[in-house]
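Architecture and fold: a report
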Amino acid sequence: MAGSGRRPEHRGPPELFYDEAEARKYTQNSRVVEIQSQMSERAVELLGLPEDRPCLLLDVGCGSGLSGDYISDEGHYWIGMDISPAMLDVAVEREVEGDLLLADVGHGIPIRPGMFDGCISISAVQWLCNADKKSHSPPKRLYRFFSTLYTALAQGSRAVLQLYPENSEQLELITAQAMRAGFTGGMVVDYPNSAKAKKFFLCLFVGTSGALPKGLGTECAGGEEVHQAKFTNERTRFRNTKGKSVKKSRDWILEKKERRRRQGKEVRADTKYTGRKRRPRF
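Position numbers for residues start from 1 in each chain and track the written sequence from start to end. Where totals are concerned, whole chains, interfaces and linings use all residues; where local detail is concerned, this predicted model gives features only for residues with pLDDT of at least 70, and gives and counts side-chain atom pairs only at 80 or more. Processing note: side-chain calculations cover all non-hydrogen atoms of the structure and skip hydrogens and water entirely.

Per an unreviewed UniProt entry, the recorded name for the protein chain is 18S rRNA (guanine-N(7))-methyltransferase, and the organism is Rostratula benghalensis. UniProt positions are given in the numbering used here, feature names are shortened, and annotations may be inferred rather than shown by experiment. The heading Catalytic activity (unreviewed entry) in the UniProt record of the protein chain holds the text "a guanosine in 18S rRNA + S-adenosyl-L-methionine = an N(7)-methylguanosine in 18S rRNA + S-adenosyl-L-homocysteine". Note on the protein chain: under the UniProt heading Subunit (unreviewed entry), the record states "Heterodimer with TRMT112; this heterodimerization is necessary for the metabolic stability and activity of the catalytic subunit BUD23. Interacts with GRIP1."

And the structure:
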């Protein structure tokens, strides 16, 4: 169930789609690596981990370990699960710092209770909505996944699952099975009015019903909710990028600096020059 930095446009089981050639091609794609890193950063932020100690995290659909690289960089430990042997082979070759487990999470999380301080998943959970075999029942596989994930997480911890739902029915199915398994929480949507930047994060709580974090791009500078009509310029801005990454734009830089301030890290003050592109030197 290899996580990906793009919306899946193919059908069929992930262990067959991500063969050796696709796994290497995927991991060497700089655009995919960049998106994966951005979404991993956001997912870990939404976990709300304590700052005074390293944590042990579960990475569901870890693929070749791109998300794990970010977790390691943040000083945490991780165990990754994936259904694709080819993806895990690439992770081993890359000498990732986490431990790896070949498994279909639709069969459950084979880990002892209360082991993890949190869980992230990037672009993987929607695979469980596919019935790739006659014996597959998406509701049953989702419930098996969520119920065993709930058990594997420590009390008071969170799971943040970034996903690409095909439609509202699929989103409702995933959320319903998570709640049925005992989780509380809900969906955090970043940039809800931008077709290109919009991201879904299912933020789940274990044993506590904390306040659901707010999605990025849902408030203006004054703290007021931005109405849909005010996103017209935002849509234009993302369209004008013509496929280029919005990373390192002024908005992206300001958001990242604000996140780091909330984490207690030292950050340079914002100025009118923040995010301004330098002229080329000859």
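Okay, the side chain of glutamine 36 next. Runs of H or I in DSSP of at least four residues are treated as helices and runs of E of at least two as strands, each being numbered from the N terminus. Structurally, glutamine 36 is set in helix H3 (residues 30-47). Separated by 3.0 Å, the side chains of glutamine 36 and serine 67 make a polar contact. Throughout this description, a polar contact denotes any pair of N or O atoms lying within 3.5 Å of each other; where both atoms belong to protein, one of them has to be capable of donating a hydrogen while the other can accept it, and for residues adjacent in sequence the pair is counted only when both atoms sit in side chains.

Now for the packing of aromatic side chains. When two rings of Phe, Tyr or Trp (its six-membered ring) have centres within 6.5 Å they constitute a pair, described as stacked for plane angles under 30 degrees, edge-to-face for angles over 60, and tilted for the intermediate range. Applying the stated criterion across every chain, the model contains three aromatic pairs. Taken together, a centroid distance of 6.2 Å and an interplanar angle of 80° make the contact between phenylalanine 146 and phenylalanine 183 edge-to-face. In this pair, phenylalanine 146 is assigned in helix H6 (residues 138-152) and phenylalanine 183 in the loop between helix H7 (168-180) and strand S6 (184-190), connecting sequence segments 37 residues apart. Between tyrosine 150 and phenylalanine 183, the aromatic rings sit 5.1 Å apart at their centres with planes inclined by 80°, giving edge-to-face as the arrangement. On the criterion of sequence distance, the pair formed by tyrosine 150 in helix H6 and phenylalanine 183 in the loop between H7 and S6 is long-range, its members being 33 residues apart.

This part takes up the packing of H6 against H7. Helix axes are fitted only over the stretch in contact, all axes being lines through C-alpha atoms; the angle between N-to-C directions runs from 0 to 180 degrees. At a closest axis distance of 8 Å, the pairing of H6 and H7 adopts a crossing angle of 45°. As summarised for this structure, H6 and H7 are arranged oblique, according to the angle between their axes. Between H6 and H7 lies a crossing whose hand is right-handed. On H7, the residues touching Pro138, Pro139, Leu142, Tyr143 and Phe146 of H6 are Leu173, Ile174, Gln177, Ala178 and Arg180. Residue classes follow a fixed rule: Ala, Val, Leu, Ile, Met, Phe, Trp, Tyr, Cys and Pro count as nonpolar, while Asp, Glu, Lys and Arg count as charged, and any other residue, Gly among them, counts as polar. Here the contact of H6 with H7 is composed, by residue class, of eight nonpolar, one polar and one charged. By definition in this entry, angles of less than 35 degrees are roughly parallel, angles greater than 145 are roughly antiparallel, angles of 65 to 115 are roughly perpendicular, and the rest are oblique. Crossing handedness is read from the near helix: turned anticlockwise from the far helix by less than a right angle, it gives a left-handed crossing, and turned clockwise, a right-handed one. By definition, residues are in contact when any of their heavy atoms lie within 4.5 Å.

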